[in-house]
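Reading the structure
Single-letter residue listing:
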Amino acid sequence: MSTTVDPNQVAVDEHPVSPFLRMDRIPHIWCPTCGIGTVVKCFATALDETGVDLDKTSIVSGIGCTGRVAGYMKLDAFHTTHGRAIPFATGLKLGRPELLVTVFSGDGDLVGIGGNHFIHAARRNMDLMIILVNNFIYGMTGGQNAPTTPLKARSSTMPFGNFERPFNLPHLAASCGATYVARWTCLHIRRLTKSFKEAIRRKGFRFIEVIAPCSTLYARLNKLGTGFNLMQFYHDNAEIRPDADTRDVDIEFQDNIICGKFVDEERPTFTEMMNEHYQQKLGDKYVPLPPEGGLLHE
Amino acid sequence: MKYWRKPLDFDQVKIPRGEVRIIADRCKGCGFCVEYCPKDVLVLSEEFNRKGYHPPKVVKHGECVNCNLCAMICPDFAIYSVPLEEEASSDQQSAVSSQQSVEEQGTDR
Ligand SMILES: Cc1ncc(C[n+]2csc(CCOP(=O)(O)OP(=O)(O)O)c2C)c(N)n1
Ligand code: SF4
Ligand code: SF4
Ligand code: SF4
Ligand SMILES: [Mg+2]
């Protein structure tokens, strides 16, 4: 069998995403029709179009298929232990306030084992941009039930269908205090990229949920075809309703997916609150970290 | 967006032209690019790449409008388009219908 295009004909590093990826690690491990790669492409495009300084941008992931993203992006990256992306990112942001700190991880990682960190970072309006790829399942470990698995959907630990109520993530984030909350599917490439761009430019706890196909576990266990069929499902069933009350954006098994930017407001971040408070209490005795990272640089 | 009005500068609008680049051996044959290309430029080929997947191939030569949708949606970074510098095409209608089909297909949501 021959190849359709001689790979030498195409200069692979000319691909527009190349400057943002560690090309020596590509092809990536994600399955055919997995949606994670599309989310990465949208994120890279947002970095490109906002023109942020890549030397001042960092990415933190936990464990999981989505957690691999930190290893593929050509940014300062840290691949933490399972669930601990947000605490690591919090430390990074407090120690190096000038950095744009992004967290890119899965549903199981960020709101399962890492759920506690998630709610407190949102409550404190910690200056982090969180990208959560929600494939409704623990992909990497074999399709176990996640706190996002819709009622009635099957997983490898719920072979007769899930009977646990899942999280409504935009509502969880908003009610804990997130100041930017959006949800898209990975079919919404333009809107998702636009949300990434907005979030990159904003401060505070910014949360973007991206519904994406896991073909190998979620689609297969639920007999939904492949990620290709799930993309078509998003096409037919995603409803854009930016004015929706986050209380109403629950996801039912194979039902409408309400998408949009639900929250976009300004509130002082953790660092701003801290600096203001200590300046008030301690006056000149208090020296906040300068933007260059302060003590770390001495 | 359901309504597409004819822009006033319709006659002067240049239709972008592009050329698709496919990195065949990186493709995993998901078919996203084929399905969502607004101009139906691509099909999955019968042939296999080195990993045993069917990469896309161009069937409508000269129809690519360089919208880069294929590059955005490809989860494997295996396809992109580059602009072709060209005379303004006489085929004005095609840009309009292409835009329309992007909107209809909802890929621009
Ligand atoms: C402390 C700990 N517990 C459990 C695991 C096993 N584990 C690895 S990935 C994962 C789930 C990942 O799910 P998710 O975050 O949704 O990522 P996905 O693979 O779906 O992208 C689990 C439970 C682990 N690595 N460490
Ligand atoms: S197991 Fe699921 S989430 Fe993981 S790479 Fe495969 S399709 Fe993607
Ligand atoms: S750039 Fe647009 S028109 Fe050209 S092949 Fe890709 S999706 Fe189709
Ligand atoms: S979207 Fe990418 S991986 Fe999927 S068929 Fe097209 S080129 Fe191949
Ligand atoms: Mg998951």
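Above this text you will find the structure in question.
No experiment lies behind these values; they were computed from the predicted model shown.

1. Here we look at the coordination of the magnesium ion (ligand 5)
Residues and elements named next belong to chain A. Around the magnesium ion (ligand 5), the protein supplies Asp107 (OD), Asn135 (OD1) and Ile137 (O) as donor atoms, at distances of 2.0 to 2.1 Å. Each donor residue of the magnesium ion (ligand 5) belongs to the same chain, and together they define the spacing D-x27-N-x1-I. With a relative accessible area of 6%, Asn135 lands in the buried category. Note on Ile137: relative accessible area 1%, which makes it buried.

2. A look at the site of ligand 1
Residue and element names in this part refer to chain A. Close to ligand 1 lie 16 residues, the nearest being Cys65, Thr66, Asp107, Gly108 and Asp109. Between ligand 1 and the protein, one listed contact pairs an oxygen atom with a side-chain N or O atom of Thr66 at 2.6 Å. Isolated, ligand 1 exposes 600 Å² of accessible area, and the fraction of that covered by the protein chains is 73%. Among the elements that make up the shell around ligand 1, the one with the highest residue count is helix α4 (residues 107-113) (4 residues). A per-class count over the shell around ligand 1 returns 6 nonpolar, 8 polar and 2 charged.

3. A closer look at the nonpolar core
All names here are of chain A. Counting 62 residues, the largest nonpolar core has Val39, Val40, Phe43, Met73, Phe104, Phe196 and Ile208 as the members making the most contacts within it. The leading source of residues in this core is helix α1 (residues 36-50), at 8 residues. If sequence neighbours within four positions are ignored, Phe104 has contacts with Val39, Val40, Phe43, Ile59, Val60, Ser61, Gly62, Thr66, Val69, Ile131 and Val133. Counting residues in each nonpolar core, the second largest holds 28 residues, with Ile86, Ile130, Val181 and Ala244 among its members.

4. Remarks on α1 of chain A
Residue and element names in this part refer to chain A. Look at α1: 21 Å from first C-alpha to last across 15 residues, which is about the 21 Å you get at 1.5 Å a residue. A large share of α1 lies buried, amounting to 13 of its 15 residues. Where α1 ends, the next residue or the one after it, Gly51, has phi of about 65 degrees, a positive value.

5. Quick notes on the pairing of strand β8 (residues 257-264) of chain A
Residues and elements named next belong to chain A. With 6 of 8 residues buried, β8 is to be regarded as a mostly interior element. The sheet contact formed by strand β5 (residues 180-185) and β8 spans 4 bridges and is antiparallel. Looking across to β8, one finds that Arg183 is bridged to Gly260. Sheet topology places strand β7 (residues 238-240) next to β8; 3 bridges connect them, and they run parallel. Counterpart to Ile240 in the pairing with β8 is Cys259.

6. As for the pattern of salt bridges
A side chain of one charge can pair with a side chain of the opposite charge if their charged atoms are brought near each other. Under the definition given, this model contains 15 salt bridges over all chains. In this structure, the salt-bridge partner of Arg21 of chain B is Glu14 of chain A, at a minimum N-O distance of 3.6 Å. On the criterion of chain membership, the pair formed by Arg21 of chain B in strand β1 (residues 17-22) and Glu14 of chain A in the segment before α1 is interchain, its members lying in two chains. A relative accessible area of 25% places Arg21 of chain B in the partly exposed class. For Glu14 of chain A, a relative accessible area of 47% gives the class partly exposed. Bridged by salt links that share partners, the residues Glu198, Arg202, Lys261 and Asp264 of chain A form one connected network.

Criteria and cut-off values
- Residues numbered from 1 in each chain as written.
- Chains lettered and ligands numbered in written order.
- Predicted model: local features only at pLDDT ≥ 70, side-chain atom pairs only at ≥ 80, totals over all residues.
- Heavy atoms only, no water.
- Donors = N, O, S within 2.8 Å, 3.2 Å for Na, K, Ca; no water.
- Buried < 20%, exposed > 50% of the residue type's maximum accessible area, 1.4 Å probe, protein only.
- Near = heavy atom within 4 Å.
- Polar contact = N/O pair within 3.5 Å; in protein donor to acceptor, adjacent residues only side chain to side chain.
- Areas by Shrake-Rupley, 256 points an atom, 1.4 Å probe, with all protein chains shown as cover.
- Helix = DSSP H or I, 4+ residues; strand = E, 2+ residues; numbered from the N terminus.
- Nonpolar A, V, L, I, M, F, W, Y, C, P; charged D, E, K, R; others polar.
- Core = buried A, V, L, I, M, F, W, Y, C linked by side-chain atoms within 4.5 Å.
- Contact = heavy atoms within 4.5 Å.
- Expected span 1.5 Å × (residues − 1).
- Pairing = 2+ DSSP bridges.
- Salt bridge = Lys/Arg side-chain N within 4 Å of Asp/Glu carboxyl O.

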